[in-house]
Amino acid sequence: MLFPKKIIDAVANTFYDKKIDILTVTDSLDAEGGSKRVIGSVSGSFYGNVRFSDLGEVKEELGLVESIDICITCRSTETITLNDLISYENKTYLVTKVIPTDSHLTITGKLWENQQ
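None of the values given here were measured: they were computed from a predicted structure.

### Side note on the pairing of strand E3 (residues 70-74)
Among the five residues that make up E3, five are buried, leaving the element largely enclosed by the rest of the structure. In E3, alternate side chains face the same way, and those of Ile70, Ile72 and Cys74 on one face and Cys71 and Thr73 on the other are all buried. As paired elements, E3 and strand E6 (residues 105-111) share five bridges and run antiparallel to each other. By the bridge assignment, Ile72 is partnered in E6 with Ile107.

### Examining the nonpolar core
If you look at the biggest cluster of nonpolar residues, it comprises 15 residues, and the most contacted ones within it are Ile20, Phe46, Val50, Ile72, Ile80, Ile86 and Ile107. Counting residues per element, the ones that place at least two in this core are strand E1 (18-29), strand E2 (35-51), E3, strand E4 (85-88), strand E5 (91-100) and E6. With near-sequence residues (within four places) excluded, Ile80 lies in contact with Ile22, Phe46, Ile86, Val95, Val98, Leu105 and Ile107. Counting residues in hydrophobic clusters, the runner-up holds five residues, among them Leu55, Val58, Leu64 and Ile68.

### Examining a nonpolar patch on the surface
A grouping of Phe3, Ile7, Val11 and Phe15 is seen on the molecular surface, where their side chains present a nonpolar patch of about 350 Å² in accessible area. Its location among the elements puts Phe15 in helix H1 (residues 5-15).

### Here's the deal with the pattern of salt bridges
Under the criterion given, the structure shown has four salt bridges. The salt bridge involving Asp17 is made with Lys18; its shortest N-O contact spans 3.0 Å. Linking Lys110 and Asp69 is a salt bridge whose minimum nitrogen-to-oxygen distance equals 3.5 Å. With Lys110 in strand E6 and Asp69 in the loop between helix H2 (55-62) and E3, this pair connects stretches of sequence that are 41 residues apart. Three or more residues are tied together by salt bridges with common partners; here these are Lys5, Asp9 and Arg75.

### Observations regarding the side chain of Ser103
Mapped onto the fold, Ser103 is located in the loop between E5 and E6. In terms of polar contacts, Ser103 uses its side chain to reach the side chain of His104, at 2.9 Å. Not counting the four nearest positions on each side in its chain, Ser103 is found in contact with Phe3, Ile8 and Ser76.

The rules we used
- Residues numbered from 1 in each chain as written.
- Predicted model: local features only at pLDDT ≥ 70, side-chain atom pairs only at ≥ 80, totals over all residues.
- Heavy atoms only, no water.
- Buried < 20%, exposed > 50% of the residue type's maximum accessible area, 1.4 Å probe, protein only.
- Helix = DSSP H or I, 4+ residues; strand = E, 2+ residues; numbered from the N terminus.
- Pairing = 2+ DSSP bridges.
- Core = buried A, V, L, I, M, F, W, Y, C linked by side-chain atoms within 4.5 Å.
- Contact = heavy atoms within 4.5 Å.
- Patch = residues over 30% accessible without salt bridge, like charges linked within 9 Å, V, L, I, M, F, W, Y side chains within 5 Å.
- Areas by Shrake-Rupley, 256 points an atom, 1.4 Å probe, with all protein chains shown as cover.
- Salt bridge = Lys/Arg side-chain N within 4 Å of Asp/Glu carboxyl O.
- Polar contact = N/O pair within 3.5 Å; in protein donor to acceptor, adjacent residues only side chain to side chain.

Treat this as a map of the structure, not an account of what it does.
In structure tokens:
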């Protein structure tokens, strides 16, 4: 069943009030010749609902086995993909799952490697 646009807009206008930035990423070589990801500038942003609590419940609901540090729901029309880097409240997260539904996207993420 598809949700009517009017309801989707009402939910988005009520709950999707946190700004999340999408970061550009480039691959470069370190001093030893190994590849590393380097964060660039903000390439875009979107609004969503951000959760940091009850993530075990989210994992169980989505059938995830890996740990997560953030769960975001947003409009299903947002362009976000697996392994993107996103930023919220001065922390950077690696997108680990993007799960679409009729009414929204559920995005999970892990703190990016050099912040743990």
